[in-house]
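# Results of the structural survey
Here is what each chain is made of, one letter per residue.
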Amino acid sequence: MNGTEGQNNGSEAVRSRIKTGVSGLDDILNGGLPKGHLYLVQGDPGTGKTTLALQFLLEGIRRGERVIYVTLSESRRELEEVARSHGWSTESLQIYEMAPAEDDLSPEAQYTVFHPSEVELADTVTAILEQVDAIQPQRVVFDSLSELRMLARDPLKYRRQILALKRHFSGKNCTVLLLDDRTAEGSHDLQLQSIAHGVVMMQSLERDFGIKRRRVEVRKLRGSAYREGYHDYTIETGGISVFPRLVAAEHKPGFERKPVSSGLAGLDELFGGGIDTGTSTLFIGPAGCGKSTIALRYAVSSAQRGEKAVIFTFDEAIATLLERAKGLRMEVAALLENGTLEIQQVDPAELAPGEFVARVRRLVEQEQLQVVVIDSMNGFLNAMPHEQFLAMQLHELLSYLGQQGVATILTLAQHGFIGSMQSSIDVSYLADTVLLFRYFEHHGEIRQALSVIKKRSGLHERSIRELALRNNEILVGEPLKEFKGVLTGIPSFMGKGLNGDDSAAS
């Protein structure tokens, strides 16, 4: 856990905190919000501030606390509609509406309620505080400060009024959320942040295709530790779910390193006994060369041993994957039924990267996951709005899985088929082991070759073997000793093939 202002480890343990009711946010806040302070929740319209505030108050009601929602912009009806859309009851929720009645919209009435003068601002705040004090709540939400800002107009008057609010609630054992739409940029935001005990920023990022990516950041929390940085979140029926940024260093259980067999003798020999638990393996090569098939073979073999395996497929439909498995005599129906194998299709246009990481983490922690297949990294890359963040996020995920003793398999398609090939992103340095796939031409046929070019966890074969998918089988042959230049795609044949028929696969 990192990020603190004036952190005091001695007082941190005894400081009383309250749950926000938002899944994942309390984890970021190191247990919740320190009780009895004023907090600012800022974000553009549509980022979910009202939903977060309702969850915060409803959590208080569940804990037997008195709460009140003071709305200066939305009507009671609108708030109740938001709550109903999430399946929440507002029966016990006190809502104080500081908006003109629908039948009192004359210019004179509007002038009386919303006149932008110091007197009107003071009267408005006084009326709110009288209503709040009558209830003596433990949790209060003010939605939104943009209305008070418009009433004040002058930044000095506005700051003084917010300070007055802070002083009023000081010592009352009341936790206050101030919602702000960030309709005014610049010094007003910074002044407001300096007054609040803590600041939560909610952000919505546009993407060229698919859903928006929403991120939350705890920018400030006085005297308390919290998890810094941006954390993805989603808004769905039932409220906001926050996916805390994964920090691999916080998870370091021990495990016994052991080989993971593919069920193919030739492939296991190529890896010097198999890939190892607690390591990541990258299958890299051109499209259609068998990367997904070999990855599937590892997952099926693991499941057949009773070890939980999961495949996240970004590119291939599950029905197509199952048909291909059946064609290669990998019967997966029973494995899917008993739960030792799980296949999840991932749509990168509908996924937040943090949500994907949370899925993997849940499977590891709740179902003792042993093998993870991510097929492919190209699809995972498309789920990221900014390519430069992929390597860091992937590094944390692979480090976490390694510390949990999980064998992770990644596939990455390269551009091109024969000869020189390139990848859209270089992640080979992140992997512990790299299995290279290549096409090569011989006697008018396109064949496939395998070679292990890197293995950090032990020795491996330096040879190149042929991969063949034929007769409903996956075949990994003996080393291609009769060929030279296989990795170039156009090799030279130096002698007779195996079995005397110029075929390198057995």
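Residues numbered from 1 in each chain as written. Predicted model: local features only at pLDDT ≥ 70, side-chain atom pairs only at ≥ 80, totals over all residues. Heavy atoms only, no water.

## Observations concerning the nonpolar core
Counting residues in hydrophobic clusters, the biggest one holds 37 residues, and the most contacted among them are Leu267, Phe283, Ile294, Tyr298, Leu341 and Leu435. Dropping the residues within four chain positions of it, Ile294 is found in contact with Leu264, Leu267, Phe283, Phe437, Leu467 and Ile474. (Core = buried A, V, L, I, M, F, W, Y, C linked by side-chain atoms within 4.5 Å. Buried < 20%, exposed > 50% of the residue type's maximum accessible area, 1.4 Å probe, protein only. Contact = heavy atoms within 4.5 Å.)

## A word on the environment of Ser399
Mapped onto the elements, Ser399 comes out in helix H16 (residues 390–403). Spatially, the C-alpha atoms of Ser399 and Leu430 are 9.3 Å apart, while their sequence positions differ by 31 residues. A distance of 2.8 Å separates the side chain of Ser399 from the backbone oxygen of His395, its partner in a polar contact. (Helix = DSSP H or I, 4+ residues; strand = E, 2+ residues; numbered from the N terminus. Polar contact = N/O pair within 3.5 Å; in protein donor to acceptor, adjacent residues only side chain to side chain.)

## Points about unusual backbone geometry
In this structure, Ser144 follows Asp143 across a cis peptide bond, with omega equal to 0°. For Ser144, the location among the structural elements is in the loop between strand S6 (139–143) and helix H7 (145–152). Cis rather than trans, the peptide bond between Asp375 and Ser376 has omega equal to 15°. As for its placement among the helices and strands, Ser376 is situated in the loop between strand S17 (371–375) and helix H15 (377–382). Non-glycine residue Asn173 carries a positive phi angle of around 55°. Mapped onto the elements of the fold, Asn173 is located in the loop between helix H8 (155–169) and strand S7 (175–180). Positioned with a positive phi, Asn472 is a non-glycine residue whose angle comes to about 60°. Tracing the sequence through the fold places Asn472 in the loop between strand S21 (465–470) and strand S22 (473–479). Classification of Asn472 by relative accessible area gives partly exposed; the value is 42%.

## A look at the sheet that holds S21
Spatially, nine strands are ordered S16-S15-S17-S18-S14-S19-S20-S21-S22 in an open sheet, and the strand pairing comes out mixed. The open sheet terminates on both sides in strands that have one partner only, identified here as strand S16 (341–345) and S22. Each neighbouring strand pair of the sheet contributes to a mean axis angle of 20°, computed without reference to strand direction. Where strand S15 (residues 309–313) and S16 come together, five bridges link them in parallel fashion. Paired with Ile311 across the two strands is Ile343, which belongs to S16. Across the sheet, helix H14 (residues 353–367) lies against S15, S16 and S17, angled at about 170° from S16, the strand it touches most. (Pairing = 2+ DSSP bridges. Axes fitted to C-alpha atoms, helices over the stretch in contact; angles between N-to-C directions.)

## Observations regarding the sheet that holds S7
Strand order in the open sheet made by the nine strands is S5-S4-S6-S7-S3-S8-S9-S10-S11, with mixed pairing throughout. In this open sheet, the two strands that pair with only one neighbour each are strand S5 (94–97) and strand S11 (239–243). Here the average twist between neighbouring strands, direction ignored, is 20°. Note: strand S4 (residues 67–71) against S5, four bridges, orientation parallel. Paired with Tyr69 across the bridge in S5 is Ile95. Docked against the sheet, helix H3 (residues 49–62) engages strand S3 (38–43), S4, S6, S7, strand S8 (198–205) and S11, running at close to 160° with respect to S6. In this fold H8 packs onto S3, S6 and S7, with an angle of close to 170° to the strand it touches most, S6.

## A closer look at the confidence of the model for the chain
Residues with a pLDDT of 70 or more make up 84% of the chain, whose mean pLDDT is 84. The model gives residues 5–14 a pLDDT under 50, and that stretch makes 15 contacts with residues more than four places away or in other chains. Every residue in residues 100–117 is under pLDDT 50, and counting partners more than four places away or in other chains gives 17 contacts. (pLDDT = per-residue confidence, 0-100.)

## Digging into the packing of aromatic side chains
Within this structure, the stated rule accounts for seven aromatic pairs. Aromatic pair Phe271 and Tyr298: ring centres 6.5 Å apart, planes at 75°, arrangement edge-to-face. Residue Phe271 is found in the loop between helix H10 (265–270) and strand S13 (275–276), and its partner Tyr298 is found in helix H11 (residues 291–304); the two are separated by 27 residues along the sequence. As far as the burial class goes, Phe271 and Tyr298 line up, both buried. (Phe/Tyr/Trp six-rings, centres within 6.5 Å; stacked < 30°, edge-to-face > 60°.)

## Overview of the side chain of Ser463
Relative to the assigned elements, Ser463 resides in the loop between strand S20 (445–455) and S21. You can call Ser463 buried: its relative accessible area is 17%. A distance of 2.4 Å separates a polar atom in the side chain of Ser463 from a polar atom in the side chain of Glu461.

## Focus: the pattern of salt bridges
Across all of its chains, the model carries 22 salt bridges by this definition. For Arg63, the salt bridge is made with Glu59, and the minimal N-O distance between the two is 2.7 Å. Judged by relative accessible area, Glu59 falls into the buried class, the value being 11%. Glu466 is paired through a salt bridge with Arg447; the nearest N and O atoms lie 3.9 Å apart. Taken together, the positions of Glu466 in strand S21 and Arg447 in strand S20 put the pair 19 residues apart, joining distant regions of the chain. In this structure Arg447 comes out as buried when scored by relative accessible area, which is 10%. (Salt bridge = Lys/Arg side-chain N within 4 Å of Asp/Glu carboxyl O.)

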